[in-house]
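Here are the chains, one letter per residue:
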Amino acid sequence: MVFYFKTLNSGSIPAGGTVTKDWTADKDYTIKKVLVVNKGTATIDKVDLTIQFADNFKTLDYVNAYPLAVDLEHAWEPNEPLPKGSRVVISFKNNDGTNAAQVDFVLLLEAQY
């Protein structure tokens, strides 16, 4: 088993703004764990996410980033296949009316050979 980390950084999300980031899998993976890291000075509980793995939405509407901001031991474990050529799409919405936010969405991937 070979594991990799893949990080999708939101960049600066302006107050009240939304940013979408995506990544296309370069080989077959299984998404083992997911966590969120606050990279800015704004509080992470003001950021909502929509999450899509391949063609599967994991959010019916959105999820607040705060419950995903944990350590690797307690991270969400979707165990979701991610075939080569499929996309991960994450939308970050900053609900803070004053401060910009910046968030890392981190995937722990297991390569499938």
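Bear in mind the structure is a predicted one, so any value in this text is a computation, not a measurement. As a convention, each chain's residues are numbered from 1 in the sequence order in which they are written. At least 70 in pLDDT is required for a residue's local features to be given in this predicted model, at least 80 for side-chain atom pairs to be given and counted, and no such filter applies to totals for whole chains, interfaces and linings, which use all residues. Side-chain measures here rest on the full set of heavy atoms in the structure, leaving out hydrogens and waters.

**Student:** Just give me the short version of the environment of phenylalanine 105, but keep the residues and values in it.
**Tutor:** Helix and strand assignments follow DSSP, with helices taken as H or I runs no shorter than four residues and strands as E runs no shorter than two, numbered in order from the N terminus. Tracing the backbone shows phenylalanine 105 in strand S9 (residues 103-111). Phenylalanine 105 gets classed as buried once you look at its relative accessible area, which sits at 0%. For the pair phenylalanine 105 and phenylalanine 57, spaced 48 residues apart in sequence, the C-alpha separation works out to 16 Å. Discounting chain neighbours no more than four positions away, the residues touching phenylalanine 105 are Lys6, Thr7, Leu8, Val34, Leu35, Val36, Leu49, Ile51, Phe53, Ile90 and Phe92. Each residue gets one of three labels from its accessible area relative to the maximum for its type: buried under 20%, exposed over 50%, partly exposed in between, using a 1.4 Å probe on protein chains only. Residue contacts follow a heavy-atom distance rule, with two residues in contact if any of their heavy atoms lie within 4.5 Å.

**Student:** Give me the packing of aromatic side chains: which residues, what numbers.
**Tutor:** Aromatic pairs are defined between Phe, Tyr and Trp rings, using the six-membered ring for Trp, whenever the two ring centres lie within 6.5 Å; interplanar angles under 30 degrees are classed as stacked, those over 60 as edge-to-face, and all others as tilted. Applying the stated criterion across every chain, the model contains three aromatic pairs. An angle of 85° between the planes, with centres 6.2 Å apart, marks the rings of tyrosine 4 and tyrosine 29 as edge-to-face. Residue tyrosine 4 is found in strand S1 (residues 2-9), and its partner tyrosine 29 is found in strand S3 (residues 29-38); the two are separated by 25 residues along the sequence. Relative accessible area serves as the criterion here: at 34%, tyrosine 4 is assigned to the partly exposed category. Look at tyrosine 29 and you get buried, because its relative accessible area is 6%. Residues tryptophan 23 and tyrosine 29 carry aromatic rings whose centres are separated by 5.8 Å and whose planes lie at 45° to one another, so their mutual orientation is tilted. Here tryptophan 23 matches tyrosine 29 in class, with each residue buried.

**Student:** Before we move on, can you summarise the nonpolar core with the specific residues and values?
**Tutor:** Side-chain atoms within 4.5 Å are what join buried Ala, Val, Leu, Ile, Met, Phe, Trp, Tyr and Cys residues into a set we call a nonpolar core. Ranked by internal contacts, the top residues of the largest apolar core, which has 28 residues, are Leu49, Phe105 and Leu107. Mapped onto this core, the elements with two or more residues apiece are strand S2 (18-24), S3, strand S4 (47-53), strand S8 (87-94) and S9. Considering every element that reaches this core, the biggest residue donor is S9, with five residues. Those residues in contact with leucine 107 that lie beyond four places of it in its chain are Tyr4, Phe5, Lys6, Leu8, Ile31, Lys33, Val34, Phe53 and Val88.

**Student:** Which residues make up the sheet that holds S1, and what values go with them?
**Tutor:** In this analysis, strands are considered paired if DSSP registers two or more bridges between them. Read from one edge of the open sheet, four strands run S1-S9-S3-S7, paired in antiparallel fashion. One side of each edge strand has no neighbouring strand; the edge strands of this open sheet are S1 and strand S7 (80-82). On average, adjacent strands in this sheet sit at an angle of 40° to one another, irrespective of strand direction. Lines fitted to the C-alpha atoms define the axes, with helices restricted to the stretch that makes contact. Angles between their N-to-C directions range from 0 to 180 degrees.

**Student:** Account for the pairing of S8, with residues named and values stated.
**Tutor:** Consecutive side chains along a regular strand alternate between the two faces of the sheet. Across the eight residues that make up S8, a large majority, six, are buried. Here S2 runs beside S8; their pairing, made up of seven bridges, is antiparallel. From the neighbouring strand, lysine 21 faces S8, where its bridge partner is isoleucine 90. When S4 meets S8, the two strands line up antiparallel, connected through seven bridges. Looking across to S8, one finds that phenylalanine 53 is bridged to valine 88.

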